[in-house]
Amino acid sequence: MSRGSSAGYDRHITIFSPEGRLYQVEYAFKAVKSTGITSIAVRGKDCVCAITQKKVSDKLVDPTSVSHMFRLADNHGCVTTGSLMDAKLQVDQTRKEAAEFKFDHSYEIPVEYLAKQVADRNQVYTQHAYIRPLGVVMIIFGVDEEKGPQLFRCDPAGYYVGFRACAAGQKDQEAMNFLEKKLKNAETELDDNETIQTAILALQTVLAADFKPSEVEVSMVTTAKPRFTVLSEAEVEAHLTAISERD
Amino acid sequence: MTSIGTGYDLSSSTFSPEGRVFQTEYAMKSVENSGTAVGARCSDGVVIAVEKVYHSRMMMKGSLRRVHFVEKHIGVGIAGLLPDGRQMVSKCREEATQYREVYGEPVPGRVLVDRLARFTHLYTLYWHVRSFGCSALVAAYDAEGPQLYMVEPSGMLMRYNACATGKAKQQAKTELEKLKLGELTCREAVTELAKTIVNVHDSTKDKLYELEMLWVCEESGRTAQFVPQELIDEARKAAEDEKDREDDDDDMDDA
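It should be emphasised that the depicted structure is a prediction, and the values quoted were computed from it without experimental measurement.

Draft legend 1. Inspection of the pairing of strand S9 (residues 216-222) of chain A at higher detail. All names here are of chain A. The element S9 is extensively covered by neighbouring structure, given that seven of its seven residues are classed as buried. The two faces of S9 match: Val 216, Val 218, Met 220 and Thr 222 on one face and Glu 217, Ser 219 and Val 221 on the other face are all buried. As judged from the seven bridges shared by strand S2 (residues 47-53) and S9, these two strands associate in the antiparallel manner. Across the sheet, residue Ala 50 finds its bridge partner in S9, namely Ser 219. Linking S9 to strand S10 (residues 229-230), which pair antiparallel, is a turn of six residues.

Okay, structure coming up:
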(Lines give C-alpha, C1' and ligand atoms only; values in the text may rest on other atoms or scores of the structure.)
Protein backbone atom coordinates (compact mmCIF):
# COMPACT_ATOMS: atom_id res chain seq x y z
CA MET A 1 0.00 0.00 0.00
CA SER A 2 1.79 3.12 -1.19
CA ARG A 3 0.96 5.87 1.27
CA GLY A 4 2.86 8.42 -0.77
CA SER A 5 0.52 8.57 -3.74
CA SER A 6 -2.56 8.91 -1.58
CA ALA A 7 -1.58 12.05 0.22
CA GLY A 8 -4.27 14.00 -1.53
CA TYR A 9 -8.00 14.34 -1.15
CA ASP A 10 -8.84 10.68 -1.60
CA ARG A 11 -8.38 10.26 2.11
CA HIS A 12 -10.61 13.14 3.03
CA ILE A 13 -13.68 12.89 0.92
CA THR A 14 -15.14 9.98 -0.91
CA ILE A 15 -13.32 10.11 -4.20
CA PHE A 16 -11.21 7.39 -5.75
CA SER A 17 -7.56 6.93 -4.91
CA PRO A 18 -5.13 6.22 -7.79
CA GLU A 19 -5.45 2.51 -6.93
CA GLY A 20 -9.22 2.71 -7.30
CA ARG A 21 -10.02 2.55 -3.62
CA LEU A 22 -12.46 4.61 -1.57
CA TYR A 23 -10.49 5.28 1.59
CA GLN A 24 -13.25 7.09 3.45
CA VAL A 25 -15.54 4.09 3.07
CA GLU A 26 -12.78 1.80 4.34
CA TYR A 27 -12.30 4.04 7.35
CA ALA A 28 -16.02 3.90 8.03
CA PHE A 29 -15.63 0.12 8.36
CA LYS A 30 -12.85 0.71 10.87
CA ALA A 31 -15.22 2.91 12.87
CA VAL A 32 -17.60 -0.05 13.14
CA LYS A 33 -14.85 -2.28 14.51
CA SER A 34 -13.43 0.30 16.84
CA THR A 35 -16.36 0.08 19.28
CA GLY A 36 -15.08 -3.33 20.35
CA ILE A 37 -18.53 -4.91 20.12
CA THR A 38 -19.53 -7.99 18.13
CA SER A 39 -23.04 -8.81 16.94
CA ILE A 40 -24.27 -12.07 15.49
CA ALA A 41 -27.53 -13.05 13.82
CA VAL A 42 -28.74 -16.52 12.80
CA ARG A 43 -31.70 -17.55 10.68
CA GLY A 44 -33.40 -20.83 11.48
CA LYS A 45 -36.26 -22.65 9.82
CA ASP A 46 -38.95 -20.52 11.41
CA CYS A 47 -37.14 -17.71 13.13
CA VAL A 48 -34.30 -15.24 13.16
CA CYS A 49 -32.34 -14.45 16.28
CA ALA A 50 -29.80 -11.70 16.89
CA ILE A 51 -27.41 -11.14 19.75
CA THR A 52 -25.08 -8.27 20.56
CA GLN A 53 -22.79 -7.35 23.42
CA LYS A 54 -23.89 -4.75 25.89
CA LYS A 55 -20.92 -2.87 27.25
CA VAL A 56 -21.66 0.01 29.56
CA SER A 57 -18.36 1.08 31.03
CA ASP A 58 -19.67 3.85 33.26
CA LYS A 59 -21.20 2.55 36.50
CA LEU A 60 -23.37 5.61 36.82
CA VAL A 61 -25.17 5.07 33.52
CA ASP A 62 -28.65 3.60 33.53
CA PRO A 63 -28.08 0.51 31.33
CA THR A 64 -31.68 0.35 30.11
CA SER A 65 -31.10 3.55 28.16
CA VAL A 66 -28.37 2.03 25.99
CA SER A 67 -29.56 -0.44 23.39
CA HIS A 68 -28.42 -1.51 19.94
CA MET A 69 -31.58 -3.42 19.10
CA PHE A 70 -34.31 -1.45 17.37
CA ARG A 71 -37.76 -2.27 16.10
CA LEU A 72 -38.17 -1.02 12.53
CA ALA A 73 -41.78 -2.09 11.93
CA ASP A 74 -44.12 -4.52 13.66
CA ASN A 75 -42.34 -7.61 12.41
CA HIS A 76 -39.01 -6.12 11.39
CA GLY A 77 -36.10 -5.40 13.66
CA CYS A 78 -32.42 -4.69 13.47
CA VAL A 79 -29.25 -4.88 15.45
CA THR A 80 -26.74 -2.12 14.79
CA THR A 81 -23.00 -2.28 15.32
CA GLY A 82 -20.81 0.79 15.38
CA SER A 83 -21.54 4.35 16.34
CA LEU A 84 -24.78 4.42 18.31
CA MET A 85 -25.74 7.89 17.19
CA ASP A 86 -25.14 7.14 13.50
CA ALA A 87 -27.24 4.02 14.11
CA LYS A 88 -30.11 5.99 15.61
CA LEU A 89 -30.17 8.26 12.59
CA GLN A 90 -30.22 5.33 10.23
CA VAL A 91 -32.92 3.56 12.26
CA ASP A 92 -35.03 6.69 12.21
CA GLN A 93 -34.79 6.98 8.42
CA THR A 94 -35.49 3.26 8.00
CA ARG A 95 -38.54 3.37 10.28
CA LYS A 96 -39.90 6.19 8.15
CA GLU A 97 -39.37 4.12 4.98
CA ALA A 98 -41.18 1.15 6.48
CA ALA A 99 -44.09 3.24 7.70
CA GLU A 100 -44.48 5.04 4.38
CA PHE A 101 -44.46 1.75 2.51
CA LYS A 102 -47.20 0.39 4.75
CA PHE A 103 -49.22 3.53 4.23
CA ASP A 104 -48.80 3.45 0.46
CA HIS A 105 -49.27 -0.27 -0.16
CA SER A 106 -51.28 -1.52 2.83
CA TYR A 107 -48.94 -4.36 3.64
CA GLU A 108 -45.68 -4.67 5.55
CA ILE A 109 -42.54 -3.78 3.64
CA PRO A 110 -40.65 -6.89 2.44
CA VAL A 111 -37.43 -7.33 4.40
CA GLU A 112 -35.25 -7.35 1.31
CA TYR A 113 -36.77 -4.16 0.02
CA LEU A 114 -36.15 -2.46 3.34
CA ALA A 115 -32.55 -3.60 3.33
CA LYS A 116 -32.17 -2.33 -0.22
CA GLN A 117 -33.42 1.11 0.80
CA VAL A 118 -30.87 1.26 3.61
CA ALA A 119 -28.13 0.14 1.28
CA ASP A 120 -29.05 2.67 -1.41
CA ARG A 121 -29.00 5.45 1.15
CA ASN A 122 -25.57 4.32 2.34
CA GLN A 123 -24.37 4.36 -1.26
CA VAL A 124 -25.42 7.99 -1.63
CA TYR A 125 -23.22 8.92 1.31
CA THR A 126 -20.26 7.25 -0.39
CA GLN A 127 -20.74 9.31 -3.49
CA HIS A 128 -21.43 12.77 -2.10
CA ALA A 129 -18.70 14.89 -0.61
CA TYR A 130 -20.75 16.93 1.80
CA ILE A 131 -21.73 14.05 4.06
CA ARG A 132 -19.62 11.22 5.44
CA PRO A 133 -20.59 7.54 5.35
CA LEU A 134 -22.23 6.40 8.59
CA GLY A 135 -20.07 4.18 10.79
CA VAL A 136 -22.76 1.53 11.23
CA VAL A 137 -23.39 -2.02 10.03
CA MET A 138 -27.11 -2.74 10.23
CA ILE A 139 -28.30 -6.33 10.40
CA ILE A 140 -31.97 -6.27 9.43
CA PHE A 141 -34.27 -9.20 9.99
CA GLY A 142 -37.93 -9.97 9.95
CA VAL A 143 -40.66 -12.38 8.98
CA ASP A 144 -41.55 -11.59 5.41
CA GLU A 145 -45.18 -12.12 4.39
CA GLU A 146 -44.15 -14.06 1.32
CA LYS A 147 -40.73 -15.50 2.05
CA GLY A 148 -40.78 -16.19 5.76
CA PRO A 149 -37.85 -15.38 8.08
CA GLN A 150 -35.23 -13.21 6.36
CA LEU A 151 -31.85 -11.84 7.42
CA PHE A 152 -29.87 -9.10 5.65
CA ARG A 153 -26.66 -7.26 6.45
CA CYS A 154 -26.17 -3.66 5.25
CA ASP A 155 -22.76 -2.05 5.52
CA PRO A 156 -21.39 1.49 5.09
CA ALA A 157 -20.30 0.76 1.51
CA GLY A 158 -23.89 0.45 0.34
CA TYR A 159 -23.61 -3.31 0.02
CA TYR A 160 -26.46 -5.55 1.21
CA VAL A 161 -26.53 -9.33 1.24
CA GLY A 162 -28.97 -11.93 2.53
CA PHE A 163 -27.54 -14.44 4.99
CA ARG A 164 -28.34 -17.60 6.85
CA ALA A 165 -26.06 -16.33 9.57
CA CYS A 166 -23.88 -13.25 9.75
CA ALA A 167 -21.80 -11.20 12.11
CA ALA A 168 -20.59 -7.63 12.45
CA GLY A 169 -18.15 -5.76 14.63
CA GLN A 170 -14.76 -6.43 16.09
CA LYS A 171 -14.72 -10.23 15.89
CA ASP A 172 -16.89 -10.63 12.85
CA GLN A 173 -14.41 -12.81 10.96
CA GLU A 174 -14.03 -15.31 13.81
CA ALA A 175 -17.78 -15.40 14.27
CA MET A 176 -18.35 -16.04 10.57
CA ASN A 177 -15.84 -18.91 10.64
CA PHE A 178 -17.65 -20.47 13.59
CA LEU A 179 -21.04 -20.08 11.95
CA GLU A 180 -19.83 -21.48 8.64
CA LYS A 181 -18.69 -24.65 10.41
CA LYS A 182 -21.99 -24.96 12.26
CA LEU A 183 -24.15 -24.39 9.21
CA LYS A 184 -21.88 -26.20 6.76
CA ASN A 185 -24.71 -28.32 5.51
CA ALA A 186 -26.96 -26.17 3.35
CA GLU A 187 -29.94 -28.25 4.42
CA THR A 188 -29.32 -27.67 8.11
CA GLU A 189 -32.41 -25.97 9.39
CA LEU A 190 -32.41 -25.09 13.04
CA ASP A 191 -35.50 -24.87 15.17
CA ASP A 192 -36.18 -21.89 17.40
CA ASN A 193 -34.20 -22.96 20.45
CA GLU A 194 -31.30 -24.24 18.37
CA THR A 195 -31.14 -20.91 16.52
CA ILE A 196 -30.95 -18.88 19.70
CA GLN A 197 -28.42 -21.20 21.21
CA THR A 198 -26.25 -21.20 18.09
CA ALA A 199 -26.16 -17.41 18.18
CA ILE A 200 -25.31 -17.36 21.88
CA LEU A 201 -22.71 -20.10 21.50
CA ALA A 202 -21.10 -18.27 18.58
CA LEU A 203 -20.70 -15.13 20.66
CA GLN A 204 -19.36 -17.07 23.64
CA THR A 205 -16.84 -18.82 21.41
CA VAL A 206 -15.45 -15.71 19.75
CA LEU A 207 -15.29 -13.83 23.04
CA ALA A 208 -13.68 -16.89 24.66
CA ALA A 209 -15.64 -16.14 27.80
CA ASP A 210 -18.97 -16.80 29.38
CA PHE A 211 -21.21 -13.81 29.87
CA LYS A 212 -24.08 -12.87 32.12
CA PRO A 213 -27.53 -12.09 30.69
CA SER A 214 -27.03 -8.41 31.57
CA GLU A 215 -23.97 -8.23 29.28
CA VAL A 216 -25.85 -9.12 26.10
CA GLU A 217 -29.01 -8.20 24.26
CA VAL A 218 -30.93 -10.89 22.39
CA SER A 219 -33.87 -10.33 20.11
CA MET A 220 -35.86 -12.46 17.72
CA VAL A 221 -38.76 -12.87 15.36
CA THR A 222 -40.49 -16.20 14.71
CA THR A 223 -43.13 -17.35 12.26
CA ALA A 224 -45.41 -18.26 15.16
CA LYS A 225 -44.78 -14.96 16.89
CA PRO A 226 -43.60 -12.57 14.16
CA ARG A 227 -43.54 -9.48 16.37
CA PHE A 228 -39.99 -8.29 17.00
CA THR A 229 -39.19 -8.93 20.65
CA VAL A 230 -36.18 -8.40 22.85
CA LEU A 231 -35.68 -11.32 25.20
CA SER A 232 -35.79 -10.71 28.92
CA GLU A 233 -32.81 -11.50 31.16
CA ALA A 234 -34.64 -14.55 32.53
CA GLU A 235 -35.16 -15.97 29.04
CA VAL A 236 -31.51 -15.39 28.14
CA GLU A 237 -30.48 -17.03 31.40
CA ALA A 238 -32.59 -20.08 30.52
CA HIS A 239 -30.80 -20.45 27.19
CA LEU A 240 -27.37 -19.98 28.75
CA THR A 241 -28.19 -22.72 31.24
CA ALA A 242 -29.42 -25.00 28.47
CA ILE A 243 -26.14 -24.52 26.59
CA SER A 244 -23.95 -25.23 29.60
CA GLU A 245 -25.99 -28.32 30.49
CA ARG A 246 -25.63 -29.63 26.98
CA ASP A 247 -21.85 -29.40 27.30
CA MET B 1 -1.65 8.10 19.64
CA THR B 2 -1.13 8.02 15.88
CA SER B 3 -2.52 10.55 13.44
CA ILE B 4 -3.53 13.34 15.74
CA GLY B 5 -4.92 15.57 13.09
CA THR B 6 -2.53 15.34 10.17
CA GLY B 7 -5.26 16.36 7.82
CA TYR B 8 -8.06 14.06 8.99
CA ASP B 9 -9.33 16.53 11.50
CA LEU B 10 -10.37 19.34 9.21
CA SER B 11 -14.03 18.49 8.83
CA SER B 12 -16.79 16.45 10.37
CA SER B 13 -17.30 14.56 7.17
CA THR B 14 -13.92 12.82 7.33
CA PHE B 15 -13.03 9.55 8.97
CA SER B 16 -9.43 9.02 10.11
CA PRO B 17 -7.67 5.76 9.12
CA GLU B 18 -8.74 4.28 12.47
CA GLY B 19 -12.33 5.19 11.82
CA ARG B 20 -12.49 8.15 14.17
CA VAL B 21 -14.10 11.49 13.47
CA PHE B 22 -11.57 13.88 14.97
CA GLN B 23 -13.67 17.02 14.71
CA THR B 24 -16.25 15.47 17.00
CA GLU B 25 -13.56 14.35 19.43
CA TYR B 26 -12.13 17.87 19.51
CA ALA B 27 -15.61 19.19 20.25
CA MET B 28 -15.73 16.85 23.25
CA LYS B 29 -12.35 18.26 24.34
CA SER B 30 -13.73 21.77 24.38
CA VAL B 31 -16.24 20.59 26.99
CA GLU B 32 -13.31 19.56 29.16
CA ASN B 33 -12.09 23.14 29.25
CA SER B 34 -15.20 24.42 30.99
CA GLY B 35 -16.19 24.45 34.64
CA THR B 36 -17.34 21.14 36.08
CA ALA B 37 -21.01 20.23 35.91
CA VAL B 38 -22.51 17.40 37.96
CA GLY B 39 -25.96 15.91 38.19
CA ALA B 40 -27.63 13.37 40.46
CA ARG B 41 -30.93 11.57 40.25
CA CYS B 42 -32.35 11.10 43.74
CA SER B 43 -35.32 9.32 45.17
CA ASP B 44 -37.56 12.38 44.86
CA GLY B 45 -36.10 14.36 41.96
CA VAL B 46 -32.99 15.46 40.09
CA VAL B 47 -30.35 18.05 41.00
CA ILE B 48 -27.80 19.61 38.66
CA ALA B 49 -24.91 21.77 39.86
CA VAL B 50 -22.45 23.73 37.72
CA GLU B 51 -19.23 25.43 38.71
CA LYS B 52 -19.44 28.89 37.18
CA VAL B 53 -15.95 30.31 36.91
CA TYR B 54 -15.71 34.09 36.77
CA HIS B 55 -12.65 35.45 35.04
CA SER B 56 -12.93 38.95 36.42
CA ARG B 57 -14.24 40.61 39.56
CA MET B 58 -16.17 43.02 37.35
CA MET B 59 -18.61 40.36 36.26
CA MET B 60 -21.99 40.53 37.88
CA LYS B 61 -23.20 37.65 39.93
CA GLY B 62 -25.92 35.77 38.11
CA SER B 63 -24.59 36.50 34.64
CA LEU B 64 -23.04 33.88 32.38
CA ARG B 65 -26.07 31.64 32.85
CA ARG B 66 -25.23 27.97 32.54
CA VAL B 67 -28.53 26.68 33.81
CA HIS B 68 -31.64 27.04 31.66
CA PHE B 69 -35.23 25.91 31.80
CA VAL B 70 -37.31 24.28 29.12
CA GLU B 71 -41.00 23.74 29.83
CA LYS B 72 -42.05 23.59 33.45
CA HIS B 73 -40.60 20.23 34.31
CA ILE B 74 -37.26 20.20 32.47
CA GLY B 75 -34.01 21.93 33.34
CA VAL B 76 -30.76 21.96 31.38
CA GLY B 77 -27.22 22.53 32.64
CA ILE B 78 -24.58 23.37 30.04
CA ALA B 79 -20.89 22.46 30.08
CA GLY B 80 -18.62 23.72 27.32
CA LEU B 81 -19.06 26.61 24.93
CA LEU B 82 -21.98 28.50 26.47
CA PRO B 83 -23.20 30.18 23.26
CA ASP B 84 -23.45 26.74 21.64
CA GLY B 85 -25.32 25.67 24.75
CA ARG B 86 -27.87 28.43 24.25
CA GLN B 87 -28.51 27.09 20.75
CA MET B 88 -29.17 23.64 22.18
CA VAL B 89 -31.56 25.06 24.76
CA SER B 90 -33.30 27.09 22.05
CA LYS B 91 -33.81 23.91 20.09
CA CYS B 92 -35.16 22.15 23.18
CA ARG B 93 -37.70 24.92 23.65
CA GLU B 94 -38.78 24.74 20.01
CA GLU B 95 -39.23 20.99 20.22
CA ALA B 96 -41.16 21.28 23.49
CA THR B 97 -43.50 23.84 21.96
CA GLN B 98 -44.02 21.77 18.84
CA TYR B 99 -44.76 18.66 20.93
CA ARG B 100 -47.37 20.53 22.90
CA GLU B 101 -49.02 21.77 19.72
CA VAL B 102 -49.22 18.33 18.19
CA TYR B 103 -49.95 16.15 21.23
CA GLY B 104 -51.59 18.61 23.61
CA GLU B 105 -49.42 17.73 26.60
CA PRO B 106 -45.97 18.59 27.97
CA VAL B 107 -43.16 16.74 26.25
CA PRO B 108 -41.80 13.73 28.18
CA GLY B 109 -38.13 14.08 29.13
CA ARG B 110 -37.20 10.99 27.18
CA VAL B 111 -38.63 12.34 23.93
CA LEU B 112 -37.10 15.77 24.33
CA VAL B 113 -33.56 14.51 24.93
CA ASP B 114 -33.89 12.08 22.05
CA ARG B 115 -34.71 14.97 19.73
CA LEU B 116 -31.88 17.05 21.16
CA ALA B 117 -29.42 14.21 20.69
CA ARG B 118 -30.44 13.67 17.08
CA PHE B 119 -30.16 17.40 16.43
CA THR B 120 -26.68 17.49 17.93
CA HIS B 121 -25.66 14.40 15.99
CA LEU B 122 -26.64 15.97 12.66
CA TYR B 123 -23.96 18.60 13.17
CA THR B 124 -21.36 15.82 13.28
CA LEU B 125 -22.21 14.61 9.79
CA TYR B 126 -21.88 17.59 7.47
CA TRP B 127 -18.79 19.49 6.56
CA HIS B 128 -20.38 22.91 6.26
CA VAL B 129 -21.18 23.07 9.96
CA ARG B 130 -19.12 22.27 13.04
CA SER B 131 -20.18 20.13 16.00
CA PHE B 132 -21.58 21.73 19.11
CA GLY B 133 -18.83 22.36 21.64
CA CYS B 134 -20.96 21.63 24.66
CA SER B 135 -22.64 18.87 26.65
CA ALA B 136 -26.11 19.26 28.09
CA LEU B 137 -27.17 17.70 31.38
CA VAL B 138 -30.94 17.43 31.28
CA ALA B 139 -33.09 16.96 34.37
CA ALA B 140 -36.73 16.04 33.91
CA TYR B 141 -39.58 14.96 36.18
CA ASP B 142 -42.64 13.59 34.44
CA ALA B 143 -44.98 10.61 34.50
CA GLU B 144 -41.96 8.30 34.19
CA GLY B 145 -40.43 9.68 37.33
CA PRO B 146 -37.27 11.74 37.78
CA GLN B 147 -34.72 11.31 35.00
CA LEU B 148 -31.22 12.60 34.35
CA TYR B 149 -29.72 12.55 30.86
CA MET B 150 -26.53 13.79 29.27
CA VAL B 151 -26.23 14.74 25.60
CA GLU B 152 -22.64 14.97 24.37
CA PRO B 153 -21.26 16.85 21.34
CA SER B 154 -21.16 13.59 19.38
CA GLY B 155 -24.90 13.27 19.83
CA MET B 156 -24.42 10.42 22.32
CA LEU B 157 -27.29 10.23 24.74
CA MET B 158 -27.48 8.18 27.91
CA ARG B 159 -29.62 8.16 30.99
CA TYR B 160 -27.69 8.43 34.23
CA ASN B 161 -28.08 7.94 37.94
CA ALA B 162 -25.33 10.50 38.34
CA CYS B 163 -22.99 12.12 35.87
CA ALA B 164 -20.18 14.62 35.65
CA THR B 165 -18.54 16.54 32.85
CA GLY B 166 -16.15 19.44 32.44
CA LYS B 167 -12.70 20.10 33.86
CA ALA B 168 -12.69 17.75 36.80
CA LYS B 169 -15.06 15.11 35.52
CA GLN B 170 -12.96 12.11 36.47
CA GLN B 171 -12.54 13.26 40.05
CA ALA B 172 -16.17 14.27 40.29
CA LYS B 173 -17.30 10.91 38.95
CA THR B 174 -15.26 9.10 41.59
CA GLU B 175 -16.93 11.16 44.31
CA LEU B 176 -20.39 10.60 42.84
CA GLU B 177 -19.90 6.85 42.72
CA LYS B 178 -19.62 6.87 46.51
CA LEU B 179 -23.09 8.33 46.96
CA LYS B 180 -26.08 6.13 47.78
CA LEU B 181 -28.33 7.79 45.24
CA GLY B 182 -31.38 5.62 45.77
CA GLU B 183 -31.70 6.86 49.34
CA LEU B 184 -30.75 10.50 48.92
CA THR B 185 -33.36 13.23 48.88
CA CYS B 186 -32.85 16.29 46.72
CA ARG B 187 -32.06 18.48 49.72
CA GLU B 188 -29.29 16.12 50.73
CA ALA B 189 -28.10 15.94 47.13
CA VAL B 190 -27.75 19.73 47.05
CA THR B 191 -25.26 19.45 49.90
CA GLU B 192 -23.46 16.49 48.35
CA LEU B 193 -23.14 18.05 44.89
CA ALA B 194 -21.93 21.31 46.41
CA LYS B 195 -19.33 19.31 48.30
CA THR B 196 -18.28 17.52 45.11
CA ILE B 197 -17.76 20.76 43.23
CA VAL B 198 -15.95 22.45 46.09
CA ASN B 199 -13.66 19.44 46.38
CA VAL B 200 -12.79 19.20 42.69
CA HIS B 201 -12.52 22.94 42.21
CA ASP B 202 -9.06 24.07 41.23
CA SER B 203 -8.49 27.04 43.50
CA THR B 204 -5.11 27.91 42.07
CA LYS B 205 -6.30 28.49 38.52
CA ASP B 206 -9.90 29.67 38.94
CA LYS B 207 -10.13 31.79 42.05
CA LEU B 208 -13.60 33.21 41.56
CA TYR B 209 -16.48 30.86 41.12
CA GLU B 210 -20.17 30.64 41.79
CA LEU B 211 -22.34 27.59 42.21
CA GLU B 212 -25.40 27.56 39.99
CA MET B 213 -27.84 24.78 40.81
CA LEU B 214 -31.17 23.65 39.49
CA TRP B 215 -33.53 21.05 40.78
CA VAL B 216 -36.78 19.47 39.79
CA CYS B 217 -38.27 17.53 42.67
CA GLU B 218 -41.24 16.93 44.93
CA GLU B 219 -40.28 19.93 47.02
CA SER B 220 -40.40 22.22 44.00
CA GLY B 221 -43.73 20.78 42.93
CA ARG B 222 -42.06 18.89 40.09
CA THR B 223 -41.14 22.21 38.55
CA ALA B 224 -37.62 22.91 37.33
CA GLN B 225 -36.25 25.89 39.18
CA PHE B 226 -33.10 27.34 40.66
CA VAL B 227 -32.26 25.79 44.00
CA PRO B 228 -33.00 28.49 46.63
CA GLN B 229 -29.91 30.65 47.07
CA GLU B 230 -29.85 30.15 50.85
CA LEU B 231 -29.57 26.40 50.41
CA ILE B 232 -26.71 26.79 47.94
CA ASP B 233 -24.87 29.25 50.15
CA GLU B 234 -25.34 27.01 53.17
CA ALA B 235 -24.15 23.93 51.30
CA ARG B 236 -21.15 25.71 49.83
CA LYS B 237 -20.10 27.18 53.17
CA ALA B 238 -20.40 23.80 54.88
CA ALA B 239 -18.35 22.17 52.12
CA GLU B 240 -15.65 24.84 52.20
CA ASP B 241 -15.40 24.70 55.97
CA GLU B 242 -15.01 20.95 55.85
CA LYS B 243 -12.35 21.29 53.16
CA ASP B 244 -10.44 23.87 55.19
CA ARG B 245 -10.57 21.62 58.21
CA GLU B 246 -9.21 18.71 56.22
CA ASP B 247 -6.45 20.87 54.77
CA ASP B 248 -5.54 22.05 58.25
CA ASP B 249 -5.42 18.46 59.47
CA ASP B 250 -3.14 17.58 56.57
CA ASP B 251 -0.87 20.50 57.36
CA MET B 252 -0.70 19.46 60.99
CA ASP B 253 0.17 15.91 60.01
CA ASP B 254 2.97 17.15 57.77
CA ALA B 255 4.37 19.39 60.53
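The discussion continues.
Draft legend 2. How the structure looks around the pattern of salt bridges. Residue and element names in this part refer to chain A. If you walk through the whole model with that rule in mind, you get 33 salt bridges over all chains. For Lys 116, the salt bridge identified is with Asp 120, shortest N-O distance 3.2 Å. Taken together, the positions of Lys 116 and Asp 120, both in helix H3 (residues 111-127) and four residues apart, correspond to about one turn of that helix. Exposure remark for Lys 116: the relative accessible area of 33% places this residue in the partly exposed category. Given the relative accessible area of 35%, Asp 120 is considered partly exposed.

Draft legend 3. Representation of the sheet that holds strand S4 (residues 74-80) of chain B in the model. Residues and elements named next belong to chain B. An order of S3-S4-S5-S6-S7 is seen for the five strands of this open sheet, with the pairing classed as antiparallel. Edge positions in the open sheet fall to strand S3 (67-70) and strand S7 (157-160), since each of these has one partner strand only. Direction aside, the axes of adjacent strands within the sheet are offset by 25° on average.

Draft legend 4. Summary view of the interface of chain A and chain B. Listed as interface residues are 30 residues of chain A and, on the opposing side, 32 residues of chain B. Summed over both sides, the interface between chain A and chain B buries roughly 2,900 Å², with carbon and sulfur atoms accounting for 60% of that surface. If you look at where chain A meets chain B, you find four salt bridges. Across the pair Asp 92 of chain A and Arg 118 of chain B runs a salt bridge, and its minimum N-O distance is 3.0 Å. Mapped by element, the contributors of at least two residues to the side of chain A that touches chain B are helix H1 (23-33) and helix H2 (84-105) of chain A.

Cut-offs applied
- Residues numbered from 1 in each chain as written.
- Chains lettered and ligands numbered in written order.
- Predicted model: local features only at pLDDT ≥ 70, side-chain atom pairs only at ≥ 80, totals over all residues.
- Heavy atoms only, no water.
- Buried < 20%, exposed > 50% of the residue type's maximum accessible area, 1.4 Å probe, protein only.
- Helix = DSSP H or I, 4+ residues; strand = E, 2+ residues; numbered from the N terminus.
- Pairing = 2+ DSSP bridges.
- Salt bridge = Lys/Arg side-chain N within 4 Å of Asp/Glu carboxyl O.
- Axes fitted to C-alpha atoms, helices over the stretch in contact; angles between N-to-C directions.
- Contact = heavy atoms within 4.5 Å.
- Buried area = accessible area lost by both parts, 1.4 Å probe.

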